Amino acid sequence: QKRRRLPAVGAGELTLAFAQLEVGARYDLAHIGARAAKEADGGYVLGGEKRVVVHGEGADLLVVSARTAGEIADAKGVSVFLVDPKARGIALGGYRTIDGMRASDIAFDGVRVGADALIGKVHRALEKAAGDTSKSLYDRNRAVYEMLRYGVKVRPDVGETLARRIVESRQA
């Protein structure tokens, strides 16, 4: 994933959106009901719903948290996947937020992804974050951080490119 996706993310050619929040989660980042069931071929089938996915409509890829083990609100058993928002089984409803940005509510119904869609280690997205909200936020966003960090190393002009895209998205 890193070699294939990072240069495009760093260059501002590939946009990502975090599909994290769920109904009833409030501020509990471990409250994840969306499921990812492992298939015999090593891939996964995703099901569930995400709310307020900022810029979900325009994203090239979604960074989706899903439960691969345990029950809702368990700190263990959460994994993160890169998912094509145009994949079969995704229903995306976009809307304008109160601050003028765009967001989406997204339903995943039998969405199949390959084994290479998994970011990091299975069940371990929140492992270091149990009980520490600020650490949890860092761990959940680690994949995108790593992509951006790699992009900056590869392309020195990336910082300017990303800053420009952030400003443009706020003005849109």
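Structure first, text after, so check above.
Residues numbered from 1 in each chain as written. Predicted model: local features only at pLDDT ≥ 70, side-chain atom pairs only at ≥ 80, totals over all residues. Heavy atoms only, no water.

(A) Seen up close, the pattern of salt bridges. One pass over the structure, following the stated rule, counts five salt bridges. For the salt bridge of Arg51 with Glu49, the shortest nitrogen-to-oxygen distance reads 2.7 Å. A salt bridge links Glu57 to Arg102; the nearest nitrogen and oxygen atoms lie 2.8 Å apart. Of this pair, Glu57 sits in the loop between strand E3 (44-54) and strand E4 (61-67) while Arg102 is found in strand E7 (residues 102-113), placing the two residues 45 residues apart along the sequence. By relative accessible area, which is 40% here, Glu57 ends up partly exposed. (Salt bridge = Lys/Arg side-chain N within 4 Å of Asp/Glu carboxyl O. Helix = DSSP H or I, 4+ residues; strand = E, 2+ residues; numbered from the N terminus. Buried < 20%, exposed > 50% of the residue type's maximum accessible area, 1.4 Å probe, protein only.)

(B) Seen up close, empty space enclosed by the protein. Under the counting rule described, the total for this entry stands at one cavity of 30 Å³ or more. Residue classes in the lining of the largest cavity are distributed as four nonpolar, two polar and three charged. (1 Å grid on protein atoms, 1.4 Å probe; cavity = no way out; pocket = protein on both sides within 12 Å on 5 of 7 lines; lining within 4 Å. Points joined across faces, edges and corners; volume = space filled by probe spheres on them. Nonpolar A, V, L, I, M, F, W, Y, C, P; charged D, E, K, R; others polar.)

(C) Broad picture of the nonpolar core. Judged by nonpolar contacts, the single largest core of 21 residues is most densely connected at Leu46, Leu62, Phe81, Val83, Phe108, Val111 and Val113. The set of elements that each furnish at least two residues to this core consists of strand E1 (16-19), E3, E4, strand E5 (78-83) and E7. With four residues, the top contributor of residues to this core is E7. Discounting chain neighbours no more than four positions away, the residues touching Val111 are Tyr44, Val45, Leu46, Val83, Ala87, Arg88, Gly89 and Ile90. One finds Leu14, Val63, Leu82 and Ile119 within the second-largest nonpolar core, a separate group that totals seven residues. (Core = buried A, V, L, I, M, F, W, Y, C linked by side-chain atoms within 4.5 Å. Contact = heavy atoms within 4.5 Å.)

(D) Quick peek at unusual backbone geometry. Phi angles above zero are rare outside glycine, and Val52 is one such case at about 50 degrees. Within the fold, Val52 resides in strand E3. In this structure, His55 is a non-glycine residue whose phi angle is positive, near 60 degrees. Among the residues examined, His55 registers a relative accessible area of 30% and is labelled partly exposed.

(E) Quick peek at the pairing of strand E2 (residues 35-38). Where E2 meets E3, four bridges bridge the pair, whose relative direction is antiparallel. Looking at E3, one finds that Arg35 is bridged to Gly47. Between E2 and E3, which pair antiparallel and follow one another directly, the connecting turn spans five residues, one of which, Gly42, has a positive phi of 95 degrees. (Pairing = 2+ DSSP bridges.)

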